[in-house]
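Listed here are the chains, written in short residue letters.
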Amino acid sequence: MTTQPEVGVPDFVLLDNLTTDKFIENLHVRFQHNKIYTYIGEVLVSVNPYKTLDIYGAQHMAQYRGREMFEVPPHVYSVADACQRVLRQQGRDTCVLISGESGSGKTEASKFIMKYIAANTTQVHRDYIDRVKNVLIQSNSILETFGNAKTNRNDNSSRFGKYMDINFDYKGDPVGGHISNYLLEKSRVVSLQPGERNFHAFYQLLSTNNTHTKKFGLNSSAVYKILGSERTTAQDSKLYSLTNSAFNALGFAPSVVDDIWSIVAGVILLGELTFSEGPDGQVSIGGPLRQCVTALGVTEDNLRRAMSGRVLAAGGELVSKEHSLIDANYTRLALAKAAYDRLFTWIVQQINKKIEVPQGAWGGSLIGVLDIYGFEIFETNSFEQFCINYCNEKLQQLFIELVLKQEQEEYAREGIQWTPVKYFNNRIICELVEAPHQGIIAIMDEACLNPTKISDQQLLEAMDKRLNGHKHYTSRQLAPTDKKLKHGVDFRITHYAGDVTYAITGFMDKNKDSLWQDLKRLLHFSTVASLKDMWPEGGTNIQKTSKRPPSAATLFRNSMTALVQGLQSKEPFYVRCIKPNALQAPNTWDEQLVRHQVAYLGLVENVRVRRAGFASRQRYDRFLKRYKMLSQYTWPNFRGASDKDAVMVLLRDLQVTDVQFGHTKLFIRSAKTIHGLEAARAELIPSIVVLLQKLWRGTVARMRYKKMKAALTIYNSWKRYRFRRYIASLQSELNRGRGVIKSWPIAPRGVAVPLLQAAYRRWRAYLVLKPIPRDQWLQLKLKISAASVLKSRRGQWGAGRQWKGDYLAVQTYNDKASVYRSALASLQKSQNIGKPLFSCRVHKFNRYNKLAERCLLITSSAIWKLDANSFKLLKKPTPIAEVGAIRVMSSDVQLVVISVPSAKNDLVVGLVSPPPDPSNAHPDLVGELVGVLSNRYHMLTGSDLPVEVESGATTRCTLGGKHRALQLPSPSSTPTATPAATPFTHAHNVITYHPASARA
């Protein structure tokens, strides 16, 4: 958003030739251009414009978020942001003190501060934070409805004092709060000055035709005594809806809201009751009695008894006292005031329950916002105005103590060069009111404690006697020539804001603030649950005596003292509100009224102190701790004699000169210097944070590594122990099984059982192979491969004889062994066929139904077919990996079918057995062939070669892509049917193999 050009001087500290006239002139110029905010250093002066200005939207909030006060135009948002920034950066409690006359805009300023604080939060836990923000904002609507009223000076005057603590977590987000209320002007319920209205709640209830008005017979057009001459408006109807919405937002149950409005209606109806005295002296009640008791939830008989008399406890006995008409009317008004006052206090308590900080959630700081009644001067000023103006005196004294007096005293104490600024100290006025034994409150309390009834006039006489000679107190008796003071009625106090004449009438009664026990019991036994909850003391036994409660003035003085003590412990920010005119009219300037406020608020003196003083003062140790990272000579630690020396070295290095060094503190004159230091610090903080994070993460990682290493050591030790136990159990199992593990015990987690089992198998194999010569291990492996597929499926497979493998190289089997060896050497050299694993002579039957003698050679990767005479290579070899299956017969015939699916042409051969020897009359080559092929196939493919052993006399083969049947001759056929030298014959697509025994 574009910043508008400034008009006048935005900060009175920069004003040339400071005088009261120049001050007011600058204020007026800015007011004419809707510049209602002006700084005095960090104090904000606010002038009520009495009109709506477009300077409070979200875009304006964004302009002030995170900005220093000197960087942006004056605004109440700037004070709120500075307040929240101190809380977040320094973790210190802060407060905003809003002061000024009634109608100067204090309540609106507090609402804008609350709005800004609620909006200026982080994005974490938004739902919870939004709920807290909503409760804090909505509570204002409820408190204004039940605690504000229209006066002759202000259409929305706070008739009670409010101080709200907003609690923040460590991130600076609101997590709850607490509201303290002070001295509701309850006399307004039954007594109004001309032109004023009662509390807003009464008019809001009567503004609409709602269930409550119907139920209790109330009418917006009717005239009610407690409402005076004022009537409801359309605005009251809108506010009634907003109030109910606020109740709903804060989580008030519908039944509780109904109870609240019923009590408000009951108070209105109490004001309509009338009394008359019968011939027998009895007081009778007239008016809307039935509706009144319905609204308050009491019975007609109980209300009649409470109005017409009361019961007293004297000497342990109960005494009844009848009321006169005056007593009855007094009782009616006292009940109305007490019921409304207790209702307001109870509502504040319920709001506090809704916004209280969750147990264990608050670990941060708080911001206090004080919105309390302004200084009041009416035509008739009573006890309430006396308390209100005393409150303003206390706040002015706090301002003087913190801003003017303490600051100058500190300069002198620290030895700082300083020209004293004269100012009016209102301590003498505060002591006039609150001094023990001699103050007005003490005199009133003495009168209230007197066993005889002291009248208001007697109280005034006592005050005149005790306060005679005080320059800030006078009365007609002390100043007989002052015709403005009524004799026996008025007394005058010269406040810091001007002279105020008070009427003593009602002071005694209002100070006692007593309510008869009969009325407390009446309300305690109400059927309206909330009203019953408001009066727990009504259940006390009437004969039980209790200590007299403190007076209203004493309670108020104690609460003010506690409030001031709490504010003194916080970092204060000030908003000084000024009323431009008494007509509440926009664009109207009453210079005399403004001049009076500027004078009694001490704003010109404030400017003088700020111009001559210092923007900041900090102890050397705190300053060093906060800014020592800005200089290489002080970071991380200064090796000098004192903190003061360290600060001097630090500032010399930074070339900061607008400072003075006190005995224990550093004084910085310009706020710009502080902001520069903060900016430099903020720039360095991320790198320091990264360094700390790095160191801490390294420490955490080393700690975690040590823990992990220790845990790993413990785990490995435990694992070794479990492993040793498991090995011991295996050893026991071996001993029981005599070297054989029949069942493996359950292994602990992490033990590689398959590895142990493989080692066990190798060990067992070693024991089996140990007696066998190592040169026979390869033959044994082949026999094992053959046995895995032929054992118990084929009777003879050569298990009992020695397998020679390359039979063609054996002279007794092949008379051309030398030729074969020569041809094999040539093939190994030219074709790289590898070492022969198996070879023999075969009778081959091909797809053309022809029989041929061939030699079969198996190497490590292929099956070769050789010429029977020259041993030359015939056609291409068949890779072993392409073999699909081997088919053999279960009998001792030497028929073998090697299936090759990719070629669609099986290798059908009859093996030629070697000549018989003494150990084996019928040598068998089928088993050896199957063993070699199975072993190589598994080594090449990783899977087992399918071996089909036909138990009958037939099998199958594929020749030339056609399926053919292959059979053995039937036992019944005659030997002459087949030529003796023909191993294979065929007929009708059936191939018959004739074994050697059949051909002999």
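Keep in mind the model is a prediction, meaning the values are calculated, not measured.

Caption draft 1: Region of interest: the pattern of salt bridges. Tallied over the entire structure, the rule returns 25 salt bridges. Two residues, R159 and E185, come together in a salt bridge whose shortest N-O distance is 2.6 Å. Pair noted here: R159 is in the loop between β5 (157-158) and β6 (161-168) and E185 is in the loop between β7 (174-182) and α6 (200-206), with a separation of 26 residues, a long-range link. Across this residue pair, the class does not change: R159 and E185 are buried. Connected via shared salt-bridge partners are R887, D906, E948, E950 and R956.

Caption draft 2: Broad picture of the pairing of β6. Here β6 lies mainly inside the structure; eight of its eight residues are buried. Because side chains alternate across β6, one face comprises the buried residues G161, Y163, D165 and N167, and the other comprises K162, M164, I166 and F168, equally buried. Where β6 meets β7, eight bridges bridge the pair, whose relative direction is antiparallel. Each bridged residue has a counterpart across the sheet, and for I166 the counterpart in β7 is G177. Sheet topology note: the β6/strand β12 (residues 366-371) ladder contains six bridges and is antiparallel. For I166, the partnering residue across the bridge sits in β12 and is I367.

Caption draft 3: Expanded view of the environment of A809. Summarising the element assignment, A809 is placed in the loop between α27 (777-790) and α28 (817-830). Look at A809 and you get partly exposed, because its relative accessible area is 22%. As a C-alpha pair, A809 and S822 span 13 residues in sequence and 10.0 Å in three-dimensional space. Those residues within four positions of A809 in sequence are excluded, and the remaining contacts are A817, Y820 and R821.

Caption draft 4: The confidence of the model for the protein, seen in detail. Here the protein shows a mean pLDDT of 85. Residues at 70 or above account for 93%. Looking at the elements of the protein, mean pLDDT is at its lowest for helix α30 (residues 996-999), recorded as 70, and at its highest for strand β13 (residues 473-475), recorded as 94. Across residues 976-980 the pLDDT falls below 50, and counting only partners more than four positions away or on other chains, this stretch makes three contacts in the model.

Caption draft 5: A nonpolar patch on the surface, seen in detail. Among the surface-exposed residues, L691, L692 and L695 lie close enough to one another that they form a single nonpolar patch of about 280 Å² accessible area. Secondary-structure assignment places L691 in helix α25 (residues 671-736).

Caption draft 6: A look at the sheet that holds strand β14 (residues 490-495). Read from one edge of the open sheet, three strands run β13-β14-β15, paired in antiparallel fashion. Two strands bound the open sheet, and with one partner strand each, they are β13 and β15 (498-503). Each strand of the sheet is rotated relative to its neighbour by a mean of 25 degrees, with strand direction disregarded. Relative to β14, β13 is paired through three bridges, and the arrangement is antiparallel.

Caption draft 7: Geometry of the UniProt feature "binding site: ATP" (unreviewed entry) in the protein. The UniProt entry lists G100, E101, S102, G103, S104, G105, K106 and T107 under the feature "binding site: ATP" (unreviewed entry), expressed in the numbering used here. Here E101 shows up in the loop between β3 (94-99) and α4 (106-119). Not counting residues up to four positions away in its chain, the partners in contact with E101 are K106, R153, G374, F375, C577, K579, L593, H596, Q597 and Y600. Note that S104 resides in the loop between β3 and α4. Aside from chain neighbours lying at most four places away, what touches S104 is N48, C577, I578 and K579. Within the structure, S104 has its side chain in polar contact with the backbone oxygen of E101 (distance 2.6 Å).

Caption draft 8: Examining the sheet that holds strand β17 (residues 616-619) more closely. In spatial order, the strands read β17-β19-β18; together these three strands make up an open sheet with antiparallel pairing. The two strands at the open ends of the sheet, each matched to only one other strand, are β17 and β18 (659-661). Adjacent strand axes in the sheet meet at a mean angle of 20 degrees when their direction is disregarded. Pairing between β17 and strand β19 (residues 665-668): four bridges, direction antiparallel. Looking at β19, one finds that R617 is bridged to F667. Contacts between helix α23 (residues 620-627) and the sheet are confined to β17, β18 and β19, with β17 contributing the most and set at about 95 degrees to the helix. Its contacts with the sheet put helix α24 (residues 643-654) on β18 and β19, and the angle it makes with β18 is roughly 160 degrees.

Caption draft 9: Just the packing of aromatic side chains, in detail. Applying the stated criterion to the full structure yields 29 aromatic pairs. Considering the side-chain rings of F199 and Y340, the 5.0 Å spacing of their centres and the 20 degrees angle between planes classify their relative orientation as stacked. Note that F199 is positioned in the loop between β7 and α6 and Y340 in helix α12 (residues 325-355), a separation of 141 residues in sequence. Residue F199 is classed as buried on the basis of its relative accessible area of 0%. Residue class for Y340 comes out buried when judged on its relative accessible area of 0%. Aromatic rings pair up to connect F383, F386, Y473, F491, Y502 and F507 into one cluster. Seen from the ring of F252, K354 lies directly overhead, with NZ or CZ sitting 5.7 Å from the centre. Positioned above the aromatic ring of W803, the side-chain terminus of K783 is 5.6 Å from the ring centre.

Caption draft 10: Structural view of unusual backbone geometry. For the bond from W635 to P636, the omega torsion is 0 degrees, close enough to zero to count as cis. At Y50, a residue that is not glycine, the phi angle is positive and equals roughly 55 degrees. Judged by relative accessible area, Y50 falls into the buried class, the value being 17%. Positive phi outside glycine occurs at L183, with the angle close to 45 degrees. Inspection of the secondary structure assignment puts L183 in the loop between β7 and α6.

Caption draft 11: Broad picture of the packing of helix α1 (residues 20-32) against helix α21 (residues 591-600). Between α1 and α21, the least distance of the axes is 11 Å, while the angle of their chain directions is 120 degrees. As the angle between them shows, α1 and α21 are arranged oblique. In the packing of α1 onto α21, the handedness of the crossing is right-handed. Residue-level inspection shows T20, D21, F23, I24 and L27 of α1 in contact with α21, the latter providing E591, V594, R595 and V598.

Caption draft 12: Quick peek at the packing of helix α15 (residues 440-449) against helix α20 (residues 552-568). As a packed pair, α15 and α20 sit with axes 9 Å apart at the nearest point and diverge in direction by 145 degrees. Regarding α15 and α20, the two cross each other, and that crossing is left-handed. In contact with I441, M444 and D445 of α15, α20 contributes A553, T554 and R557. The residue inventory of the contact of α15 with α20, partitioned by class, reads three nonpolar, one polar and two charged.

Caption draft 13: Examining α21 more closely. L593, V594, Q597, V598 and Y600 are the residues of α21 that are buried. For α21, the capping residue at the N-terminal end is D590, with a side-chain oxygen 3.3 Å from the backbone nitrogen of Q592. After α21 finishes, the residue G602 shows a positive phi value of roughly 65 degrees.

Caption draft 14: Region of interest: the nonpolar core. By size, the foremost hydrophobic cluster in this structure holds 105 residues, and its most contacted members are F146, F202, L303 and Y340. Ranked by the residues each element gives to this core, the list is headed by α12, at 14 residues. Look past the residues within four positions of L303 in its chain and what remains in contact with it is L273, I285, L289, C292, V293, V298, L335 and L522. Counting residues in each nonpolar core, the second largest holds 69 residues, with F23, L97, L459 and I504 among its members.

Caption draft 15: Representation of the environment of N735 within the structure. By the secondary structure assignment, N735 is in helix α25. For the pair N735 and Q565, spaced 170 residues apart in sequence, the C-alpha to C-alpha distance is 90 Å.

Caption draft 16: Helix α8 (residues 234-249), seen in detail. Compared with the 22 Å implied by 1.5 Å per residue over 16 residues, the 23 Å span of α8 between its first and last C-alpha is a close match. Buried residues of α8: D236, Y240, T243, A246 and F247, and no others. On an axial view of α8, the arc spanned by its buried residues comes to 125 degrees, and they lie on one face. Exposed residues pointing more than 90 degrees away from the buried face of α8 are listed as A234, K238, L242 and N248. Residue G251 follows α8 closely and has a positive phi angle near 85 degrees.

Caption draft 17: Quick look at the side chain of T955. Within the secondary structure, T955 sits in strand β28 (residues 954-959). With relative accessibility at 9%, the residue T955 sits in the buried group. If we skip the residues at most four places from it in the chain, T955 touches R887, M889, E950, R964, A965 and L966.

Reading the values: the criteria
Residues numbered from 1 in each chain as written. Predicted model: local features only at pLDDT ≥ 70, side-chain atom pairs only at ≥ 80, totals over all residues. Heavy atoms only, no water. Salt bridge = Lys/Arg side-chain N within 4 Å of Asp/Glu carboxyl O. Helix = DSSP H or I, 4+ residues; strand = E, 2+ residues; numbered from the N terminus. Buried < 20%, exposed > 50% of the residue type's maximum accessible area, 1.4 Å probe, protein only. Pairing = 2+ DSSP bridges. Contact = heavy atoms within 4.5 Å. pLDDT = per-residue confidence, 0-100. Patch = residues over 30% accessible without salt bridge, like charges linked within 9 Å, V, L, I, M, F, W, Y side chains within 5 Å. Areas by Shrake-Rupley, 256 points an atom, 1.4 Å probe, with all protein chains shown as cover. Axes fitted to C-alpha atoms, helices over the stretch in contact; angles between N-to-C directions. UniProt positions renumbered as here; feature names shortened; annotations may be inferred. Polar contact = N/O pair within 3.5 Å; in protein donor to acceptor, adjacent residues only side chain to side chain. Phe/Tyr/Trp six-rings, centres within 6.5 Å; stacked < 30°, edge-to-face > 60°. Lys NZ or Arg CZ within 6 Å of the ring centre and 35° of its normal. Parallel < 35°, antiparallel > 145°, perpendicular 65-115°, else oblique. Left-handed = near helix turned anticlockwise from the far one by under 90°. Nonpolar A, V, L, I, M, F, W, Y, C, P; charged D, E, K, R; others polar. Core = buried A, V, L, I, M, F, W, Y, C linked by side-chain atoms within 4.5 Å. Expected span 1.5 Å × (residues − 1). Arc of directions from axis to C-beta.

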